[in-house]
Amino acid sequence: MTAKVDTKPVPIPTIETQPYWQGCNEGRLLIQHCKPCGRFQFYPRLVCTQCAAIALDWVDASGRGTVRSFTVIRRAVSPAFEADVPYVVALIQLDEGPTMMANLIACDPEVVVIGLKVAVTFERRSAHLMLPQFLPA
């Protein structure tokens, strides 16, 4: 008898997030930029969180940032993540200003520190979705 292996969950794009996920699938990290006030924002929304304008563009982020906070996951939340433990979930402040949550991969969790410079990479999660992850820069 073979054990059932769970697969990692994938986000479901919405009308607000569809351009973001399309960018990820192209290997591009897109964030929103407000034309009237110039603010960059993440996560995707229909209006600017600074001035409530609806004139938002999608722009390529540099993909670089800094670890602002993190935790090391030592117990898998589901069987799908058992092979990954221990792994790091971090709050990354992008060089453009917004903060996003993502995994920090390809490094020993014990060497991760607040202030670590990181760069985006993308992990294929399904035939139709790639997920941004970060590597030490």
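Residues numbered from 1 in each chain as written. Predicted model: local features only at pLDDT ≥ 70, side-chain atom pairs only at ≥ 80, totals over all residues. Heavy atoms only, no water.

Re the layout of surface pockets
Then, in step 1: The computed volume of the largest pocket comes to approximately 340 Å³.
Then, in step 2: Lining the largest pocket are 19 residues, with Pro11, Trp21, Met101, Ala102 and Leu131 sitting closest to its centre.
Then, in step 3: Breaking the lining of the largest pocket down by element, the ones donating at least two residues are helix 1 (18–25), strand 5 (87–94), strand 6 (99–104) and strand 8 (129–136).
Then, in step 4: It is strand 6 that provides the largest number of residues to the lining of the largest pocket, a total of 4 residues.
Then, in step 5: Along the lines of polarity and charge, the residues of the lining of the largest pocket split into 16 nonpolar, 2 polar and 1 charged. (1 Å grid on protein atoms, 1.4 Å probe; cavity = no way out; pocket = protein on both sides within 12 Å on 5 of 7 lines; lining within 4 Å. Points joined across faces, edges and corners; volume = space filled by probe spheres on them. Helix = DSSP H or I, 4+ residues; strand = E, 2+ residues; numbered from the N terminus. Nonpolar A, V, L, I, M, F, W, Y, C, P; charged D, E, K, R; others polar.)

Looking at the environment of alanine 76
Then, in step 1: In this fold, alanine 76 is placed in the loop between strand 4 (64–73) and strand 5.
Then, in step 2: Sequence separation of alanine 76 and threonine 99 is 23 residues, and the distance between their C-alpha atoms is 24 Å.

Focus on helix 1
Then, in step 1: The complete set of buried residues in helix 1 reads Tyr20, Trp21, Gly23 and Cys24. Relative to the axis of helix 1, the buried residues are bounded by an arc of 155° and lie together on one face.
Then, in step 2: At its buried positions, helix 1 is contacted by strand 1 (30–34), strand 3 (56–60), strand 6, strand 7 (117–126) and strand 8.
Then, in step 3: Of the residues flanking the end of helix 1, it is glycine 27, one or two places downstream, whose phi is positive at about 75°. (Buried < 20%, exposed > 50% of the residue type's maximum accessible area, 1.4 Å probe, protein only. Arc of directions from axis to C-beta. Contact = heavy atoms within 4.5 Å.)

Let's talk about the side chain of histidine 33
Then, in step 1: Structurally, histidine 33 is set in strand 1.
Then, in step 2: Residue contacts for histidine 33: discarding those within four places in its chain leaves Gly38, Arg39, Phe40, Ala55, Leu56, Asp57 and Val59.

Thoughts on the pattern of salt bridges
Then, in step 1: In this structure the tally under the stated criterion is 7 salt bridges.
Then, in step 2: With a closest N to O distance of 2.5 Å, aspartate 84 and lysine 8 form a salt bridge. Taken as a pair, aspartate 84 in the loop between strand 4 and strand 5 and lysine 8 in the segment before helix 1 lie far apart in primary sequence, 76 residues in all.
Then, in step 3: A residue is classified by how much of its surface remains accessible, and aspartate 84, at 30% relative accessible area, is partly exposed.
Then, in step 4: In this structure, a network of salt bridges that share partners links the residues Glu26, Arg28 and Asp60. (Salt bridge = Lys/Arg side-chain N within 4 Å of Asp/Glu carboxyl O.)

Let's talk about the side chain of threonine 17
Then, in step 1: If you trace the backbone, threonine 17 turns up in the segment before helix 1.
Then, in step 2: Overall, threonine 17 belongs to the buried group, its relative accessible area being 16%.
Then, in step 3: Reaching out from threonine 17, the side chain makes a polar contact with the backbone nitrogen of threonine 14 at a distance of 2.7 Å.
Then, in step 4: Residues contacting threonine 17, with those up to four places away along its chain left out, are Ile12 and Pro44. (Polar contact = N/O pair within 3.5 Å; in protein donor to acceptor, adjacent residues only side chain to side chain.)

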